[in-house]
Amino acid sequence: MVVVVISGALGVGKSEALRAMRETLIDVVGEIAVLESDQFYMMIDPHWTCPPDRVDRYFAVSGWLLQQTALGFLRSGFDWVAIASNGHWRQRSAQEFVRPFLLENVRVHHITLDPGEDVLRQRIAYRSAAAGLIADERQAAEAVAMLRQVRQALGSWTHVLDNGQLTPEATVRAIRDAVERGDGLMHLP
């Protein structure tokens with residue numbers, strides 16, 4: 001059994017990789033469940049308008065629900081669970097989240113997507129255009145700032161994957177290759 005935590009800044013391609021994962025890998029790795037951390041938070045706060053004094057509690061509850069859902073899929077015979085999160089790129093946070101999986105002898109790999117700043121800006125602009133909006137330079141600047149934060153927080157505990165020139169399907173294959181090599185394999189502290 002394998003859990004792959006795919007992290008990174010806003011706009012790096014996590015959701016697109018998840019959407020491509022089942023079709024790309026099901027014949028190779030078996031049953032796959034794909035979970036996105038934002039969906040679990042949105043069950044509590046669907047419009048992201050939570051009062052600031054409740055944010056930490058809501059993130060804790062939604063993280064626990066995500067964790068228990070992933071464990072449920074594994075216990076039900078799924079071979080892989082892929083989790084996309086823009087919140088598990090700090091080592092301590094990631095270790096706390098994956099601890100229950102490791103205690104059940106599940107192999108957990110942490111992969112951080114980083115397409116580069118220029119590609120990230122292009123993706124944010126494309127996303128805006130696809131939604132019929134004018135490109136939002138502020139949103140692109142925030143995404144690049146988050147990408148820089150992620151880079152500063154990274155260490156040898158994660159595997160950084162440059163997906164700047166990869167399609168979502170090629171990103172999924174690169175993630176599988178990294179897992180097969182043992183890249184980003186997490187251990188109990």
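Above: the structure in question.
Here is a short report on the structure shown in this document. Owing to the predicted nature of the structure, the values given are computational and were not obtained by experimental measurement.

Quick look at the overall build of the protein
Summing up its helical and strand segments, the protein has seven helices and five strands in all. If you list the helices and strands of the protein from N to C, you get β-α-β-α-α-β-α-β-α-α-β-α. In terms of principal-axis extent, the alpha carbons of the protein reach across some 45 × 40 × 30 Å. Burial statistics for the protein: of 189 residues in total, 44% are counted as buried. Across the protein, the fraction of contacts at a sequence separation of at least 24, relative to all contacts at a separation of at least 6, is 78%. Here the protein has roughly 10,000 Å² of accessible surface; of this, 51% comes from carbon and sulfur atoms.

Some remarks on the nonpolar core
If you look at the biggest cluster of nonpolar residues, it comprises 31 residues, and the most contacted ones within it are Val 4, Ile 6, Met 21 and Trp 80. Listing elements by their share of this core, those giving two or more residues are strand S1 (2–7), helix H1 (14–29), strand S3 (80–85), strand S4 (107–113), helix H5 (117–130), helix H6 (137–153) and helix H7 (168–181). Among the nonpolar cores identified, the runner-up in size contains 20 residues, and Leu 74, Ile 83, Ala 94 and Phe 97 belong to it.

Re the side chain of Ser 7
Assignment of secondary structure puts Ser 7 in strand S1. On the basis of relative accessible area, Ser 7 is assigned to the buried category, the value being 0%.

Description of the sheet that holds strand S2 (residues 32–36)
Spatially, five strands are ordered S2-S3-S1-S4-S5 in an open sheet, and the strand pairing comes out parallel. Of all strands in the sheet, those with a lone pairing partner are S2 and strand S5 (159–161), marking the two edges. Across the sheet, the axes of successive neighbouring strands diverge by a mean angle of 25°, strand direction being ignored. As judged from the six bridges shared by S1 and S4, these two strands associate in the parallel manner.

A closer look at a nonpolar patch on the surface
Residues Met 43, Ile 44 and Val 61 make up a contiguous nonpolar surface patch of about 240 Å² in total accessible area. Topologically, Met 43 is positioned in the loop between helix H2 (37–42) and helix H3 (55–75).

Quick notes on the packing of H1 against H7
Between H1 and H7, whose axes approach to 8 Å, the crossing angle comes to 55°. By the criterion of interaxial angle, the relationship of H1 to H7 is oblique. Read as a crossing pair, H1 and H7 show a hand that is right-handed. Contacts from Glu 16, Ala 17, Ala 20, Met 21, Thr 24, Leu 25, Val 28 and Val 29 of H1 reach H7 at Pro 168, Glu 169, Thr 171, Val 172, Arg 173, Ile 175 and Arg 176. Classifying every residue of the contact of H1 with H7 gives nine nonpolar, two polar and four charged.

Some words on the packing of H3 against helix H4 (residues 91–103)
Running from N to C, H3 and H4 point in directions that differ by 25°, and their axes come no closer than 10 Å. Relative to H4, the element H3 lies roughly parallel. Judged by the twist between their axes, the crossing of H3 over H4 is right-handed. Together, Gly 63, Leu 66, Gln 67, Ala 70, Leu 71 and Leu 74 of H3 and Glu 96, Phe 97, Pro 100 and Phe 101 of H4 make up the contact between the two elements. Here the contact of H3 with H4 is composed, by residue class, of seven nonpolar, two polar and one charged.

What to know about the pattern of salt bridges
For the coordinates displayed, the defined rule picks out nine salt bridges. Salt-bridge contacts for Arg 19 lead to Glu 16; the nearest nitrogen and oxygen are separated by 2.8 Å. Note that Arg 19 and Glu 16 are positioned in helix H1 at a spacing of three residues, about one turn of the helix. Residue class for Arg 19 comes out exposed when judged on its relative accessible area of 52%. Several salt bridges share partner residues, and in doing so they unite Asp 114, Glu 117, Arg 148 and Arg 151 into one network.

Remarks on the environment of Arg 90
Residue placement: Arg 90 occurs in the loop between S3 and H4. Residues Arg 90 and Ala 153, 63 residues apart in the sequence, show an inter-C-alpha distance of 6.0 Å. Other than its neighbours up to four places away in sequence, Arg 90 contacts Ala 153 and Trp 157.

Calculation rules
Residues numbered from 1 in each chain as written. Predicted model: local features only at pLDDT ≥ 70, side-chain atom pairs only at ≥ 80, totals over all residues. Heavy atoms only, no water. Helix = DSSP H or I, 4+ residues; strand = E, 2+ residues; numbered from the N terminus. Buried < 20%, exposed > 50% of the residue type's maximum accessible area, 1.4 Å probe, protein only. Contact = heavy atoms within 4.5 Å. Areas by Shrake-Rupley, 256 points an atom, 1.4 Å probe, with all protein chains shown as cover. Core = buried A, V, L, I, M, F, W, Y, C linked by side-chain atoms within 4.5 Å. Pairing = 2+ DSSP bridges. Axes fitted to C-alpha atoms, helices over the stretch in contact; angles between N-to-C directions. Patch = residues over 30% accessible without salt bridge, like charges linked within 9 Å, V, L, I, M, F, W, Y side chains within 5 Å. Salt bridge = Lys/Arg side-chain N within 4 Å of Asp/Glu carboxyl O. Parallel < 35°, antiparallel > 145°, perpendicular 65-115°, else oblique. Left-handed = near helix turned anticlockwise from the far one by under 90°. Nonpolar A, V, L, I, M, F, W, Y, C, P; charged D, E, K, R; others polar.

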